[in-house]
Amino acid sequence: MSPHRSRVVFGELSRVTVEAVAKSYPGRIESTPFPALLPTSLELVENDFVTLLGPSGCGKTTLLRIIAGLEEPDTGRVLLDGVPVTGPGVECGMVLQDDSLFPWLTVSENVGFGLRQRGVAGSAARETVNRYIREVGLRGFEDRYPIQLPDGVRQRVALARALANDPKILLLDEPFGALDHQTRSLMQELLLSIWEHHRKTVLLVTHDIDEAIIMANRCIVLTARPGRIKTQMSIDLPYPRSYVLKTSGRFSDYKAQLTEETRPDTIRTAQLPLA
Amino acid sequence: MVRPTDSTVSAPARVASGAGFCLLLLLAWALASADGVLPETVLPGPAATARAAWQLITEQDFVYDVAITVTRVVGGVLLGALLAVPLGVAMGASSWLAALLQDFFRASQYPAAAALVPLLVLWLGVGELQKLAVIFLGAFLQLVPRVADALRGTRRELVDAARMLGVGAGGASGGVLGSVLLPAAAPVIANSLRSVLAWSWGLAIVAELVGSMRGIGHMIGAAQAQGASGPIVAGIAAIGLVRFVSDELFRLLNRQLFPWTTGETAWPRRGLMVPHA
């Protein structure tokens, strides 16, 4: 898979087009391949904040990874501003679900990783790194190793690391799943403020309904495995959004709606045999 | 977090009782070997052993024997590592190379390496070359799979994150191998070296027992032939001391080189009783 995208104007890609993307995996218990994602199409325009909601195993992570270029779809393709994705690259900033910080690098070195890869060095790089470290609220942690960081802090470094390359598109795969409720709430607010401040296009995968609503202007619901889009719901809540919104009436209406939409698939997932 | 294996005994009590037990054994040993309870050839007392050790050092150039054995072990392991680490890295990075070689290396873990010694005597005699060859071969076969596993065991998230950050796109620093796999595996490889170095001692002693002019194993073999158990015990103690010192130095070195690994993922938690795991 070629990691190099040609004809890319760096920093301007913000429209994501997914055309009939599908993926199967070889079965683990039986050897027949099982479909993880049925042909799926969606579109993200500039400054969208879209959440992908669905039960475990519904293919939302697969879809995200295909958009990121980490995996190739069996059919279909992904376009960034009209240019087909052939591999991963810094045009998309990604925050993975599990701890992906490089343990042998300090916080500063982690955040500056993408910059160093591109040959950006010296004071320009340092300044950028420090700016994003400050933005995620980690001033003072620059010289710590990931192992010295409290759990809630690591994903902030991962976020800064993805942002430091100024991608127009941010892809996040259940980034706050391992955090406790309150910390997760703070991280959601941080992500929202970054989105508002930098006008990025964001696609966030989650299985948490609250999370799917609070940040997004649109929520895409996937069915249980094999996944396909069940419904797309526009979230018409005003920005800027604060945490108090989570207990408002309109929020509750959306929550009720999404709960109804996702419940049958959640139940189905609980009953599905292992792949 | 309290683990089920965490001790319920306080630290001072642990130290005192551990030391106390060892002293008890020492006392039992002294009593058992005093005044004709057991013949001197079976078990000399601590005093007799100390005398034997002193005699070895002052009259029989034991320090030279120790130096010889250390040289063989370190030299053989170093040579083995020189070949094993690059090969292991190549296997870790290349799926087809791994597919080609991993079954062989896996199978080679099962036979006891010590049984190779007589074979190598037939091939190479009992000279220095044979000794080095034994250690080299043993260390090589142990190291290659460990190094390969260290690389292949790199967490996928790290590789994915690196690719998203531009690694592999003809970028600055040697692709995924140089930017992710090697730094991630480095402390595991260092620990494997420490472990294999410790393990190689057993092989070295066997090689020296089977046929050698000098060395700790040779000294022990000669003492056995003379029915002198004092020097044997002294030899065992010498081996233990050297291994302990070298192991601790190695651990210290690794901790200096890899300050970012005080956790359990890259640095296996030291067992209470098994130092070379």
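Scroll up for the structure.
Overview of the structure. A quick note: this is a predicted structure, and the numbers were derived from the prediction, not measured.

1. Observations concerning helix 3 (residues 62-93) of chain B
For the α-helix, the turn length of 3.6 residues means that residues three or four positions removed from each other point alike.
Here is step 1 of the chain: Over its 32 residues, helix 3 of chain B runs 45 Å from end to end, which matches the ideal 46 Å to within 8%, given 1.5 Å per residue.
Here is step 2 of the chain: Along its length, helix 3 of chain B shows its largest kink, about 30°, at Ala81(B).

2. Remarks on the nonpolar core
Here is step 1 of the chain: Core analysis: the largest hydrophobic core is formed by 51 residues, its most contacted members being Phe102(A) and Leu171(A).
Here is step 2 of the chain: Considering each element in turn, this core owes the most residues, 6 residues, to helix 8 (residues 175-210) of chain B.
Here is step 3 of the chain: In this structure Phe102(A) touches Asn110(A), Phe113(A), Pro146(A), Arg161(A), Leu158(B), Ala161(B), Ala162(B), Leu165(B) and Val180(B), once residues within four positions along its chain are discounted.

3. Things to note about the interface of chain A and chain B
Here is step 1 of the chain: The interface of chain A with chain B comprises 28 residues on the first partner and 26 residues on the second.
Here is step 2 of the chain: Both sides together, the interface formed by chain A and chain B hides about 2,200 Å², and carbon and sulfur atoms give 65% of it.
Here is step 3 of the chain: When the buried area of chain A at its contact with chain B is split by residue, Trp104(A), Gln117(A) and Ile147(A) rank highest and sum to 30% of it.
Here is step 4 of the chain: The interface formed by chain A and chain B holds 1 salt bridge in total.
Here is step 5 of the chain: Put simply, Arg65(A) and Asp160(B) hold a salt bridge, and the shortest N to O gap is 2.7 Å.
Here is step 6 of the chain: Of all elements in the fold, only helix 1 (60-68), strand 6 (92-95) and helix 3 (113-117) of chain A reach the threshold of two or more residues within the side of chain A that touches chain B.
Here is step 7 of the chain: At 4 residues, helix 3 of chain A tops the list of elements feeding residues into the side of chain A that touches chain B.

4. A short note on empty space enclosed by the protein
Here is step 1 of the chain: Counted according to the given criterion, the structure contains 3 cavities of 30 Å³ or more.
Here is step 2 of the chain: In this structure, the largest cavity encloses a volume near 70 Å³.
Here is step 3 of the chain: Along its surface, the largest cavity is lined by Cys92(A), Gly93(A), Met94(A), Leu96(A), Ser100(A), Arg161(A), Ala162(A), Ala161(B), Met164(B) and Leu165(B).
Here is step 4 of the chain: Elements represented by at least two residues in the lining of the largest cavity include exactly strand 6 and helix 5 (151-163) of chain A together with helix 7 (156-164) of chain B.
Here is step 5 of the chain: Per-class residue counts for the lining of the largest cavity are 7 nonpolar, 2 polar and 1 charged.

5. What to know about the sheet that holds strand 8 (residues 201-206) of chain A
All names here are of chain A.
Here is step 1 of the chain: One open sheet accounts for 6 strands, arranged 6-7-8-3-9-10; its pairing is mixed. What marks the edges here is a single partner per strand, and that holds for strand 6 and strand 10 (229-234). The mean inter-strand angle of the sheet, taken between neighbouring strand axes irrespective of direction, is 15°.
Here is step 2 of the chain: Across 5 bridges, the pairing between strand 7 (residues 169-173) and strand 8 is parallel. Following the sheet pairing, Asp 173 is matched in strand 8 by Val 205.

6. Here's the deal with the side chain of Ser192(B)
Here is step 1 of the chain: Tracing the chain through its elements places Ser192(B) in helix 8.
Here is step 2 of the chain: Excluding residues that lie within four positions of it along the chain, Ser192(B) makes contacts with Leu143(B) and Arg146(B).

7. Details of unusual backbone geometry
Working note: non-glycine residues mostly have negative phi, and peptide bonds are mostly trans.
Residue and element names in this part refer to chain A.
Here is step 1 of the chain: For the bond from Arg 225 to Pro 226, the omega torsion is -5°, close enough to zero to count as cis.
Here is step 2 of the chain: Residue Pro 240 follows Tyr 239 across a cis peptide bond; omega there is -5°.
Here is step 3 of the chain: Note that Pro 240 resides in the loop between strand 10 and helix 8 (249-271).
Here is step 4 of the chain: Unusually for a residue other than glycine, Ala 20 sits at a positive phi of about 45°.
Here is step 5 of the chain: Note that Ala 20 resides in strand 1 (residues 16-25).

8. Things to note about the side chain of Thr40(A)
Here is step 1 of the chain: Looking at where Thr40(A) falls in the secondary structure, it is placed in strand 2 (residues 34-44).
Here is step 2 of the chain: For Thr40(A), the side chain forms a polar contact with the main-chain oxygen of Leu38(A), separated by 2.5 Å.

9. Digging into the environment of Arg152(B)
Residues and elements named next belong to chain B.
Here is step 1 of the chain: As for its placement among the helices and strands, Arg 152 is situated in helix 6 (residues 128-152).
Here is step 2 of the chain: By relative accessible area, which is 42% here, Arg 152 ends up partly exposed.
Here is step 3 of the chain: For the pair formed by Arg 152 and Met 91, sequence separation is 61 residues and the distance between their alpha carbons is 8.6 Å.
Here is step 4 of the chain: A distance of 3.1 Å separates the side chain of Arg 152 from the backbone oxygen of Gly 92, its partner in a polar contact.
Here is step 5 of the chain: Polar side-chain contacts of Arg 152 include one of 3.1 Å to the side chain of Ser 95.

The rules we used
- Residues numbered from 1 in each chain as written.
- Chains lettered and ligands numbered in written order.
- Predicted model: local features only at pLDDT ≥ 70, side-chain atom pairs only at ≥ 80, totals over all residues.
- Heavy atoms only, no water.
- Helix = DSSP H or I, 4+ residues; strand = E, 2+ residues; numbered from the N terminus.
- Expected span 1.5 Å × (residues − 1).
- Bend = angle between axes of the 7 residues up to and from the residue.
- Core = buried A, V, L, I, M, F, W, Y, C linked by side-chain atoms within 4.5 Å.
- Buried < 20%, exposed > 50% of the residue type's maximum accessible area, 1.4 Å probe, protein only.
- Contact = heavy atoms within 4.5 Å.
- Buried area = accessible area lost by both parts, 1.4 Å probe.
- Salt bridge = Lys/Arg side-chain N within 4 Å of Asp/Glu carboxyl O.
- 1 Å grid on protein atoms, 1.4 Å probe; cavity = no way out; pocket = protein on both sides within 12 Å on 5 of 7 lines; lining within 4 Å.
- Points joined across faces, edges and corners; volume = space filled by probe spheres on them.
- Nonpolar A, V, L, I, M, F, W, Y, C, P; charged D, E, K, R; others polar.
- Pairing = 2+ DSSP bridges.
- Axes fitted to C-alpha atoms, helices over the stretch in contact; angles between N-to-C directions.
- Polar contact = N/O pair within 3.5 Å; in protein donor to acceptor, adjacent residues only side chain to side chain.

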